[in-house]
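# Structure at a glance
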Amino acid sequence: MFVILTNLFGQQMSYADYRAQQNKRFEEYTRAKAAEYDAYRQKQNERYAAFMAKSWERFSAKPAVEVTPIKPVDPVVYPDPTPTPKPKPEVEPQVIPVQPEVIVLPKPQPQPKPLADVEPRKDVPYSELSVLFYGTSVAVGFPNEDHFRIKAITEKELANAWKVLSASIYDITLSTVLKAREELALCDWGYVELLQAVAEKRYGKTNEAVLMQAFLLAQSGYKIRLAYEKSQLCILAACDHGMVGRPYYMLDGVMFYPLTTNLKELYICNASFDSEKSLSLLLREEQKLKNNPTSPRTLTSKYGIVANVSVNKNALDFYGNYPKSFINNDPTTTWVVYANTPLEMTIRESLYPVLRESIEGMSERDAVNKLLNFVQTAFEYGYDDELWGGERTFFATETLYYPYSDCEDRSILFSRLVRDIMGLDVVLLYYPGHLATAVAFTQEVYGDYLQFKNQRYVVCDPTYIGAAVGRTMPGMNNQKAKIVVL
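Reading the values: rules and limits
- Residues numbered from 1 in each chain as written.
- Predicted model: local features only at pLDDT ≥ 70, side-chain atom pairs only at ≥ 80, totals over all residues.
- Heavy atoms only, no water.
- Phe/Tyr/Trp six-rings, centres within 6.5 Å; stacked < 30°, edge-to-face > 60°.
- Helix = DSSP H or I, 4+ residues; strand = E, 2+ residues; numbered from the N terminus.
- Buried < 20%, exposed > 50% of the residue type's maximum accessible area, 1.4 Å probe, protein only.
- Pairing = 2+ DSSP bridges.
- Axes fitted to C-alpha atoms, helices over the stretch in contact; angles between N-to-C directions.
- Contact = heavy atoms within 4.5 Å.
- Parallel < 35°, antiparallel > 145°, perpendicular 65-115°, else oblique.
- Nonpolar A, V, L, I, M, F, W, Y, C, P; charged D, E, K, R; others polar.

## Structural notes on the packing of aromatic side chains
Counted according to the given criterion, the structure contains 26 aromatic pairs. Aromatic pair tyrosine 228 and tyrosine 267: ring centres 5.4 Å apart, planes at 25°, arrangement stacked. Placement of the pair is tyrosine 228 in strand E8 (residues 224-229) and tyrosine 267 in strand E13 (residues 265-269), with a sequence separation of 39 residues. Since its relative accessible area comes to 29%, tyrosine 267 is described here as partly exposed. Consider the rings of tryptophan 335 and tyrosine 430, whose centres lie 5.3 Å apart with planes at 40°: the pair is tilted. Taken together, the residues tryptophan 335 in helix H7 (residues 334-339) and tyrosine 430 in strand E19 (residues 425-431) connect sequence positions 95 residues apart. Summarising the burial analysis for this pair, tryptophan 335 and tyrosine 430 share the class buried. In textbook terms, an aromatic cluster arises when at least three aromatic residues are bridged by ring pairs, as seen for Phe133, Tyr134, Phe318, Tyr319, Tyr322, Tyr338 and Phe395.

Dropping the structure here:
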């Protein structure tokens with residue numbers, strides 16, 4: 001059927017002409033919006049560069065914050081180390097409900113957004129630079145006319161270099177790194193590391209690489225500051241978390257952490273962008289790194305669970321470089337990042353079916369007992385000081401790989417398994433010198449417990465070897481425990 005349409009002026013046109021007219025209008029609108037975004041971003045960068053050209057102020061670093069490590073606690077073996085999966089009903093003395101100190105964290109915020117939408121110019125020729133990021137190939141565009149250089153580490157020259165990077169020819173670089181952040185589901189720290197890898201692959205370990213990384217971070221919406229000392233340029237990043245073991249600089253009441261230096265005094269430019277946001281160190285989803293499986297490890301529990309597990313070596317390397325942190329100046333929050341990091345899909349697809357099959361048809365108590373016993377008995381206990389020369393907390397993936405683990409590693413893994421497989425709420429329990437967990441059952445379960453959010457959280461201790469749900473390890477006092485909400 002031939003359709004006749006009428007435009008705004010009463011003229012008749014075919015459907016094809018109408019579609020062509022609409023497409024033209026859309027293209028004009030898109031170009032207008034792109035020009036608007038470019039103008040806004042250019043104005044922001046001009047203001048930023050003008051501030052950079054002024055004198056930078058000298059600051060001294062605040063001393064690094066160290067989290068007091070958990071004193072090594074010897075694992076305790078329950079008097080009957082081989083309880084049956086389905087023990088006879090027993091009435092256990094209930095602990096008087098207490099309200100221990102509760103650590104509640106702020107809700108995760110969305111990742112920073114770029115200053116404005118980025119649409120690379122089609123008339124700018126570029127080449128792709130291939131970067132290997134934790135075993136994963138990432139292609140990043142750089143303009144063929146990339147002649148970016150820093151002549152000297154002075155306020156004026158750095159401002160001029162920033163203006164060069166602000167030119168639209170580098171939109172292709174910004175566009176492709178933002179695309180990589182999305183495709184790899186990178187957390188903020190992963191993005192920081194990717195940009196460093198990209199900049200250093202392009203410019204080597206130079207001040208040009210530092211400024212390029214800073215530029216890309218700032219354009220991506222992150223709250224960063226530039227600093228220098230003599231001939232060394234460096235980046236400071238604001239963070240929602242305190243970073244353990246890193247000195248920091250206090251600017252306008254915000255802690256900024258050096259990413260590329262440990263210098264104790266720096267000249268700092270306090271220029272800022274609108275809507276810039278601090279880094280978060282939370283890992284809410286799996287980083288989509290190329291899978292490089294390790295050799296399978298056989299895990300066998302005394303309840304008869306036998307599981308073969310291999311992990312992604314690329315993920316292990318990523319976790320091994322991840323900064324340890326805390327929130328709200330509370331060192332007991334340091335385990336939250338680890339406990340809330342999901343296991344990789346490859347692990348969930350191989351380990352979880354085995355665990356689900358082993359608890360099929362069981363009550364909640366018996367099922368959690370079996371998972372608890374798996375973590376208690378399928379792993380060898382080890383002390384961080386002896387193995388690592390100091391405190392070393394594991395992500396759940398790491399506990400599945402390394403031959404030894406301690407109380408905090410086991411509690412982190414157990415909390416992950418119960419939440420994923422059973423769908424039950426779990427909190428961490430921090431005793432002075434020890435970490436355990438407590439589970440909110442939907443069925444009646446007797447045993448030692450703590451009252452929180454109008455629910456009974458029953459103690460489950462992955463380090464009390466062979467002890468069932470509801471038993472507190474000797475020497476621990478539930479009334480002195482802190483609840484760390486996950």
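## Brief notes about the pairing of strand E21 (residues 449-452)
Working note: regular strand, side chains alternate between the two faces of the sheet. Alignment of E21 against strand E22 (residues 455-460), held across four bridges, turns out to be antiparallel. Pairing of glutamine 451 across the sheet is with arginine 456, part of E22. With antiparallel pairing between neighbouring strands as the criterion, E21 and E22 make up a hairpin whose turn holds two residues, including lysine 453 at a positive phi of roughly 55°.

## Focus on the sheet that holds strand E20 (residues 434-440)
With mixed pairing, six strands are arranged side by side in an open sheet as E5-E24-E19-E20-E22-E21. Each having just a single partner strand, strand E5 (101-103) and E21 make up the two edges of the open sheet. Sheet twist, expressed as the average angle between the axes of neighbouring strands with direction ignored, equals 35°. Sheet topology note: the E19/strand E24 (residues 482-485) ladder contains four bridges and is antiparallel. What sits directly across from leucine 428, in E24, is valine 484. Packed onto the sheet, helix H12 (residues 407-422) meets E19, E20 and E22 and runs at close to 15° relative to E20.

## So, the environment of leucine 165
Within the fold, leucine 165 resides in helix H2 (residues 155-165). Considered as a pair, leucine 165 and aspartate 146 are 19 residues apart in the sequence and their alpha carbons are 9.4 Å apart. Once you skip the residues sitting within four places of it in the chain, leucine 165 turns out to touch Phe148, Tyr170, Leu211, Met212 and Phe215.

## Regarding the packing of helix H8 (residues 345-359) against H12
The description of two packed helices rests on the angle between their axes and on the distance between the axes. At a minimum axis separation of 11 Å, H8 and H12 run at an interaxial angle of 70°. On the basis of their axis angle, the class for H8 and H12 is roughly perpendicular. Across from Leu351, Tyr352, Leu355, Arg356 and Ile359 in H8, the residues of H12 making contact are Arg416, Leu417, Asp420, Ile421 and Met422. For the contact of H8 with H12, the residue count by class is seven nonpolar, no polar and three charged.

Shape descriptors only; they carry no functional weight alone.
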